[in-house]
Amino acid sequence: MTETDETNIKIQVRGLSKVFGSQPKKALELRNQGKKRPEILEKTGQTLGLSNIDFDVREGELLVIMGLSGSGKSTLIRCLNRLIEPTEGDIVIDGQNIPKLSEKELLECRRRHFSMVFQNFALFPHKTVQENAEYGLEVRGVEKKSRVESARNSLKQVGLDGWEDAYPSQLSGGMQQRVGLARALANDSTVMLMDEAFSALDPLIRKDMQQELIELQHRMKKTTIFITHDLDEAISIGDRIILLKDGEVVQMGTPEDILTRPADDYVARFVEGVDMSRIFTANSAMRSVRATARDSDGPRTVLRKMSEHGLDSIYVIDRDRTLLGIVSVDDVDAAAKAGKDTINELIQNDFPKAGPDEPMNNLFAMFNEKSYPIAIVDDNQRLLGVVVKGAVLEKLAEAGEH
Amino acid sequence: MAIDIPRIPLGDGIEGGLDFLTSHYSNVTRGISSVTQTGISALNDGLMWLPEWALMAIIALICWRVANLRLGIGAVLGLALIWNLELWNPMIETLTLVVIATAVAVVIALPFGVLAAISDRFYSVIMPVLDFMQTMPAFVYLIPAIPFFGIGSVSAIFATVIFSMPPAIRFTTLGIRQVPNDLIEAADAFGATRTQKLIKIQFPLSLPTIMAGINQTIMLALSMVVIAAMIGADGLGSEVWRAIQRLRPGDGFEAGIAVVILAMLLDRITQALRKPKKKAS
Ligand SMILES: Nc1ncnc2c1ncn2[C@@H]1O[C@H](COP(=O)(O)OP(=O)(O)OP(=O)(O)O)[C@@H](O)[C@H]1O
Ligand SMILES: [Mg+2]
């Protein structure tokens, strides 16, 4: 990995490991011998939560940490602010190595650098929305007047002005999470940690919140580490994505990197599972053929069919509807002018062709510069229909909305 | 061949210890005694100084504000009955003892409860002690109280505090331990100190549970204060005691009913405090 811009790094994580259990040394020894999590658990009863994690968090980026349940996402984010004590490794933020801090320094560090948004909101039920938003500042001993102001500001940012005096229990889930967000924003820490912050919200509200987070993030340029197990979410909000599996990093990169160049099968399956365009097949975008030419047709007949239907190319079939190829209007026209009475020599074979079950995302790559429609044929090469470029785009756009 | 196991002189040991304490710490006990006596007298005189109707009005108003109008009316009727039975002064004396004993018990119980909530080791030490304190027959506490504080109200307070304190400790511990972990985590994540967590998060959130403990403490204190009439505490208990000695069941029941009324009022008021009315609509 080459970091081009060292100056912009906010947090540097090196060799971070976490063992849950009473004999971490033993577990790490086995890990160093190349053993994996399940084997270590079986042999020692220790859970290897994280193993030798390296990554950088860049100033102002929105870094997404993704992985299946149990992959160690929460453990990782909680190690950053030491809600969980790391077993070994360094976490350097602005020159301070977090695992080495004394209790007092840790408090200071948490106050200055970190604010957290929780999956289950974790709002204080005995405090009003306003008081909740003030909490981080209250803890830091900021005087009442200025913390009221910051809290109000951040509540406004998340669209909750007017709800200051309500209690969390009076709000919907989406609104509660906005309070959670406001509480983190008001604190004006340098890094925001979000552990599955939107997972408890229903899909529509979740979309809204993602949009809002992206906007906030662009506006405020706040370094954010966001955990999700949802690839769609990761892709739509992340500047970069880190993929975890069994406590190890399997891939790190931009959303495009992950989608187009999955590092291994695990990532590929992850990507596959979520990419909606794969769920749609050629069948769903196929249209019936407006007109076809028969191999026995003469050039003039074919020309008339083409002009009748406004086509500049036409597929040629035989009596059994078996697809023979395609002819272009220019070739047929020339043949007609030359007085030929068959189109057989004109038939070309460089046209796109696919079966009805071909995944949609493959179709897109098939359109060539001549922009012939894709011929959809069955196993016996009989022409079933065609797919035009517009229909594919339409379907992909539809898929993107989910 | 009977093996002759000598009787363990448990009682002698305890007596020896108590003797030692009373002889060596008499200054301390006398100090505590006089402070407590002063407190009792002050509160008692204060409550006595108020005309009956005024105190009735105040109590009824409290009932109405914290609970509802029905309890307010109930308080007026109940207190009027006590007044009518000429048990007003003993009732005030009992109330005084209950209030002071409860206040002392709660002040001691809270830090112990908090400590037991925070430290597992302290928890495992104090829980058996609390079991002991609660299962020991109540009037056993009266006996050592006398050499310390002599006959009278101070001894009654001493025994009452010991007897009634356990639920306040238990419920404080329970309440604090019950605060959801994610809230503690949230507080930690924002860099709250232990004290900040305790005062701003754990304590307010466990308040209903702590109030339930205090409610039980008050009930136990009331029952103990009545029993303490045996060592010369004033109040409704001594009315009952006198009735027993003179074989006058009627008087005994009257005093008993007054205790019940007082108990119900104290119980309903503290119950109502437990469930704070939602401030916002
Ligand atoms: N306190 C703990 N004691 C023992 N094992 C733990 C503890 N916390 C987490 N683990 C284990 O560590 C592994 C990683 O857990 P973690 O909570 O980080 O996963 P996650 O990726 O956040 O999963 P999810 O998506 O379900 O939240 C899991 O196998 C889990 O069982
Ligand atoms: Mg998690």
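Residues numbered from 1 in each chain as written. Chains lettered and ligands numbered in written order. Predicted model: local features only at pLDDT ≥ 70, side-chain atom pairs only at ≥ 80, totals over all residues. Heavy atoms only, no water.

Moving on, we come to the layout of surface pockets. Residue and element names in this part refer to chain B. As a volume, the largest pocket reaches approximately 910 Å³. As for the largest pocket, its lining consists of 31 residues, and the residues nearest its centre are L18, P144, F148, F158 and I162. Contributing elements (two or more residues each) for the lining of the largest pocket: α1 (10-24), α2 (26-49), α5 (88-118), α6 (120-135), α7 (142-149) and α8 (153-178). Sorting elements by how many residues they give to the lining of the largest pocket places α1 first, with seven residues. (1 Å grid on protein atoms, 1.4 Å probe; cavity = no way out; pocket = protein on both sides within 12 Å on 5 of 7 lines; lining within 4 Å. Points joined across faces, edges and corners; volume = space filled by probe spheres on them. Helix = DSSP H or I, 4+ residues; strand = E, 2+ residues; numbered from the N terminus.)

It is worth spelling out the interface of chain A and chain B at this point. Taken together, the contact between chain A and chain B spans 28 residues of the former and 20 residues of the latter. Carbon and sulfur atoms make up 62% of the area that chain A and chain B hide from each other, which totals about 2,000 Å². If you sort the residues of chain A by the area they bury against chain B, A:H126, A:Y135 and A:Y167 come out on top, with a joint share of 24%. Taken together, chain A and chain B are joined by two salt bridges. For the pair chain A and chain B, the interface holds eight residue pairs in polar contact (both at pLDDT 80 or more). Elements supplying a minimum of two residues to the side of chain A that touches chain B: α4 (103-113), β6 (114-117), α5 (129-140) and α7 (173-186) of chain A. Grouping the constituent residues of the side of chain A that touches chain B by class yields 13 nonpolar, eight polar and seven charged. (Contact = heavy atoms within 4.5 Å. Buried area = accessible area lost by both parts, 1.4 Å probe. Salt bridge = Lys/Arg side-chain N within 4 Å of Asp/Glu carboxyl O. Polar contact = N/O pair within 3.5 Å; in protein donor to acceptor, adjacent residues only side chain to side chain. Nonpolar A, V, L, I, M, F, W, Y, C, P; charged D, E, K, R; others polar.)

With domains assigned, chain A is organised as domain 1 (9-274) and domain 2 (282-399). For domain 1 of chain A versus domain 2 of chain A, the distance between C-alpha centres works out to 52 Å. (Domains from an automatic or database assignment.)

B:L79 and B:M91 are the most contacted members of the largest nonpolar core, which totals 59 residues. Ranked by size, the runner-up nonpolar core spans 41 residues in total, among them A:F55, A:I84, A:I98 and B:A187. (Core = buried A, V, L, I, M, F, W, Y, C linked by side-chain atoms within 4.5 Å. Buried < 20%, exposed > 50% of the residue type's maximum accessible area, 1.4 Å probe, protein only.)

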